[in-house]
Amino acid sequence: MKYTQGFQVNYSFDLHFTEDVFATGNDLLAEVMASAHPKQPARALVYVDKGVVEADPELPNRIRQWFLSHQDQHVQLAAMPFIVEGSEAIKNDMAIIDRVGRQALEHNICRHSYVI
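Everything numeric in this text was worked out from a predicted model, so none of it was measured. (Residues numbered from 1 in each chain as written. Predicted model: local features only at pLDDT ≥ 70, side-chain atom pairs only at ≥ 80, totals over all residues. Heavy atoms only, no water.)

A closer look at the overall build of the protein
Summing up its helical and strand segments, the protein has five helices and five strands in all. For the protein, the α and β elements follow one another from N to C terminus as α-β-β-α-α-β-β-α-α-β. Here the protein has a C-alpha radius of gyration of 18 Å; the compact-globule value for 116 residues is 13 Å, and the former is much larger. On the principal axes, the C-alpha backbone points of the protein span a range of 65 × 40 × 30 Å. Within the protein, buried positions represent 28% of all 116 residues. Long-range pairs, those at least 24 residues apart, make up 68% of the contacts in the protein between residues at least 6 apart in sequence. Element-wise, carbon and sulfur atoms account for 54% of the exposed surface of the protein, whose accessible area totals about 8700 Å². Mean positive and mean negative side-chain charge positions of the protein (10 and 15 charges, respectively) differ by 10 Å. (Helix = DSSP H or I, 4+ residues; strand = E, 2+ residues; numbered from the N terminus. Rg over C-alpha atoms; globule rule 2.2 N^0.38 Å. Buried < 20%, exposed > 50% of the residue type's maximum accessible area, 1.4 Å probe, protein only. Contact = heavy atoms within 4.5 Å. Areas by Shrake-Rupley, 256 points an atom, 1.4 Å probe, with all protein chains shown as cover. Lys, Arg positive; Asp, Glu negative; His and termini not counted. Charge placed at Lys NZ, Arg CZ, Asp CG, Glu CD.)

Section: the pattern of salt bridges
A full pass over the atoms with the stated rule returns four salt bridges. The partner of E88 in a salt bridge is K91, with the nearest N and O atoms 2.9 Å apart. Of the two residues, E88 and K91 both sit in helix α4 (residues 87-91), three residues apart, roughly one turn of that helix. Under the relative-accessibility criterion, K91 is labelled exposed at 56%. (Salt bridge = Lys/Arg side-chain N within 4 Å of Asp/Glu carboxyl O.)

What to know about the sheet that holds strand β1 (residues 42-45)
Sheet architecture is open: three strands sit in the order β3-β1-β5, paired in parallel fashion. On the outer flanks of this sheet lie β3 (75-77) and β5 (114-115), each paired with one strand and no other. Two elements, β1 and β5, share two bridges in a ladder whose sense is parallel. Looking across to β5, one finds that L45 is bridged to V115. Packing against the sheet, helix α3 (residues 59-69) makes contact with β1 and β3, and its axis sits at approximately 150° to β3. (Pairing = 2+ DSSP bridges. Axes fitted to C-alpha atoms, helices over the stretch in contact; angles between N-to-C directions.)

A short note on the nonpolar core
Grouped together as the largest cluster of nonpolar side chains are 15 residues, with contacts concentrated most on F22, M33, I63, W66 and F67. Only α1 (28-33), β1, α3 and β3 provide two or more residues apiece to this core. It is α3 that provides the largest number of residues to this core, a total of four residues. Ignoring anything within four residues of it in the chain, the contact list for W66 reads V21, F22, A23, T24, N26, L29, A30 and V75. Listed in part, the eight residues of the second largest apolar core include A78, F82, V84 and A104. (Core = buried A, V, L, I, M, F, W, Y, C linked by side-chain atoms within 4.5 Å.)

Structure (structure tokens):
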């Protein structure tokens, strides 16, 4: 005797487009991160490609400023942005997975948080 069974999993997500996401006047990321629990801010760890920081040395400070200027929208930077190797170097080194995991534990990142 044979029975053929099937199932579907429908999944949808929002896709947003913007420029200069960490510009002080850009609220898109805060809107996306808005916490479902208004009493608890949505927290984030941010990782930035070393090559991007070399091209734009002020980016980590702008990210910090963006989070400070959006605190009233219940978003919070858990730590200063981490600078990581980019390109092939990061793809070929699995240590980044351990590093992100350790930093998530260290900074109390939960399932309602974000890694950017």
